[in-house]
Amino acid sequence: MIKFQNVTKIYLENTIALEDLSFKINEKEFVSIVGKSGAGKTTLLKLLLAQEKPTRGRVFFDNQDVHKIRPEKLPELRRRIGSIFQDYKLLASKTCYENIAYVMEVLGKSNQEIEKDVPKILEIVGLTERAQNFPAELSAGERQRVAIARALIHRPDVILADEPTGNLDPYNTSEIIHLLLKINTLGTIVVLATHNKEIVNSLGKRVITLGQGKIIRDQEKGRFIL
Amino acid sequence: MLVSIKRIIRWGWQGLFRDGGAATATVFIMVLTISLITSIFLLKEASSFLISSIQEKVDISVYFKENSTEQEILNIQEELSKIPEVQNVKYVSQEQALQDFIQRHKEDPVLMRSLEEVGRNPFLASLNIRASDPTQYEAVSDFLDNSLFGYLIEKVDYHQRKPVIEKIFSLTANLEKSGIVFSVLLVFLSFLVVFNTIRLIIMKGQEEIQIQRLVGASNWFIRGPFLFQGTIFGILSALISLLIFTFVCWFFGSQISILFPELDMWTYFLSNIWTIFLIQLLTGIGLGVVSSLMAIRKYLEI
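Quantities reported herein were computed from a predicted structural model and do not represent experimental measurements.

Trainee: Can you walk me through the environment of B:Q14 in this structure?
Mentor: Checked against the element boundaries, B:Q14 lands in helix α1 (residues 2-18). Along the primary structure B:Q14 and B:P225 are separated by 211 residues, whereas in three dimensions their C-alpha atoms are 9.2 Å apart. In contact with B:Q14, not counting residues within four places along its chain, are A:K94 and A:E98. Of note is the side chain of B:Q14, whose polar atom sits 3.1 Å from the side chain of A:E98.

Trainee: I'm lost on empty space enclosed by the protein in this one. Help?
Mentor: Overall, the coordinates contain one cavity of 30 Å³ or more when judged by the stated rule. Estimates place the volume of the largest cavity at around 60 Å³. Looking at the largest cavity, the residues that line it are A:R78, A:I81, A:G82, A:S83, A:V103, A:R150, A:A151, A:H154, B:L214 and B:V215. Listed by contribution, the elements that provide at least two residues to the lining of the largest cavity are β6 (81-84) and α5 (140-152) of chain A. Looking at the lining of the largest cavity, the element that brings in the most residues is β6(A), giving three residues. In terms of residue class, the lining of the largest cavity is built from five nonpolar, three polar and two charged.

Trainee: Would you mind showing me how to read the domain arrangement of chain B here?
Mentor: Entries for chain B in the domain assignment read domain 1 (2-54 + 169-301) and domain 2 (59-159). Between domain 1 of chain B and domain 2 of chain B, the C-alpha centre-to-centre distance is 54 Å.

Trainee: Please explain the sheet that holds strand β5 (residues 64-65) of chain A as it appears in this structure.
Mentor: Residues and elements named next belong to chain A. Read from one edge to the other, the open sheet built from four strands follows the order β2-β1-β4-β5, with strand pairing classed as antiparallel. Two strands in the sheet have a free side with no partner beyond their single neighbour: β2 (16-25) and β5. Two elements, strand β4 (residues 56-61) and β5, share two bridges in a ladder whose sense is antiparallel. Within β5, the position partnered with F61 by the bridge is Q64. Here helix α1 (residues 41-48) sits on the sheet in contact with β1 (2-10), β2 and β4, set at roughly 120 degrees to β1.

Trainee: Is there a simple way to explain the interface of chain B and chain A in this structure?
Mentor: Many structure descriptions define interface size as the accessible area lost when the parts assemble. With 17 residues of chain B in contact, the opposing surface of chain A contributes 28 residues. Buried surface at the junction of chain B and chain A, summed over both partners, amounts to about 2,000 Å²; 52% is from carbon and sulfur atoms. Its largest share of buried area at the contact with chain A, chain B owes to B:R7, B:L214 and B:V215, together 31% of the area lost on that side. Joining chain B to chain A, the criterion identifies two salt bridges. Across the pair B:R18 and A:E98 runs a salt bridge whose closest N-O atoms are separated by 2.8 Å. Inspection of the chain B/chain A interface yields 13 residue pairs in polar contact (both at pLDDT 80 or more). Contributing elements (two or more residues each) for the side of chain B that touches chain A: α1, α8 (206-214) and α9 (219-259) of chain B. Residue composition of the side of chain B that touches chain A, grouped by class: eight nonpolar, four polar and five charged.

Criteria and thresholds
- Residues numbered from 1 in each chain as written.
- Chains lettered and ligands numbered in written order.
- Predicted model: local features only at pLDDT ≥ 70, side-chain atom pairs only at ≥ 80, totals over all residues.
- Heavy atoms only, no water.
- Helix = DSSP H or I, 4+ residues; strand = E, 2+ residues; numbered from the N terminus.
- Contact = heavy atoms within 4.5 Å.
- Polar contact = N/O pair within 3.5 Å; in protein donor to acceptor, adjacent residues only side chain to side chain.
- 1 Å grid on protein atoms, 1.4 Å probe; cavity = no way out; pocket = protein on both sides within 12 Å on 5 of 7 lines; lining within 4 Å.
- Points joined across faces, edges and corners; volume = space filled by probe spheres on them.
- Nonpolar A, V, L, I, M, F, W, Y, C, P; charged D, E, K, R; others polar.
- Domains from an automatic or database assignment.
- Pairing = 2+ DSSP bridges.
- Axes fitted to C-alpha atoms, helices over the stretch in contact; angles between N-to-C directions.
- Buried area = accessible area lost by both parts, 1.4 Å probe.
- Salt bridge = Lys/Arg side-chain N within 4 Å of Asp/Glu carboxyl O.

Put into structure tokens, the structure is as follows:
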């Protein structure tokens, strides 16, 4: 489903974010990407979302080279991926409800479906009361939960989660991880980039460890070892 | 499709109200630009009126020898009237010329005394010719010089007046030309100001545009609300400008009429109100839409 083939990403001369990276992620897999800050986790997710271009190598999604997709066709790829960004990337001018509904509107879902699904996901992430608030009026943890709700709402084929629990308390953290696991059992690929040792160790799923832009370890049922 | 259009309009509408400050600033700048273009349209009318009234003051006179009879001169007048370039030919008899002179210089004792000393009417009968276009005087003058009745003519004062006529002609032509250059320059500058204002406002929303791209919105979904807003800005600015000009023309029209009785700005404005509104509307919507499109373009590359 997802394939990185000899991917190298160099930002400026001497700043190598990723170096000759090759791996595959199969359907229904749950993969954690771990590594120190600056190990290249976020870059890896950005390459998959075609937010950045690799310096060398190719990235495939469903046998299609992501970076050969014409700009006007990119939205089709991105609609199949639900992204939870480290900096949330919420639309500041829209309320919580509208931020989540926007993804469904973009997909052309009917108003009835939107009115049915959005309150449901807001309840799951515990933000029913905050539906009409703007992102600036929310705490970091609440924003993170809106971002999660937005990534899940349209049942994408893949979820890319970049530090989704970074600002959450232990209770919310385990709730969100449960949610991601549940979605994964329904057939969605989950790619989780995280620092959180406890989460990774408790998952018992595949772990890819990055160090200085290279894959140090790639283990089925892996553990968080740097 | 219909659902998408409805959503785009709703987002655009929401944006207008949620960022009222930016909307007000844009409309204000657009009203200035539209007003400038409307002024150019109205000034064009006023200046062409002024130019034609200057040109109307230009004429040439043909003086006839003392022995020519009135009938001969009237025949020539008839001949001249047949030339298409000639707009108007006026006969001034010897007696009339004398009366005009006395009327004009009755306050000047030296001139009056010299006239008395001459003892007779020293003035010649003449035809005063006005051409429809100042460039035609040369042709009229040539026609007179080479005509059959040339023997009756004492002199044609075209050659004397030639420099003045040519100066007026080149002045009015230059006035028109520099007016066009100046207007084009002003319009260009004001377009730049509007474009930059809209660009700054959209730049503020740059991050949102990129987020919209990342969650899979197509480019038309992103552009749509901005285009809708651009159209609304255009319509609103055109309406405000129309109101301003209705007031200005009504208020100042009568004052201008005191200076130039034949120039009635208010009537001119009323009889052209639809053309003016169309110009304002097209300028407003065109500016709003084109500026938005150009400003968003570079943020859609992610």
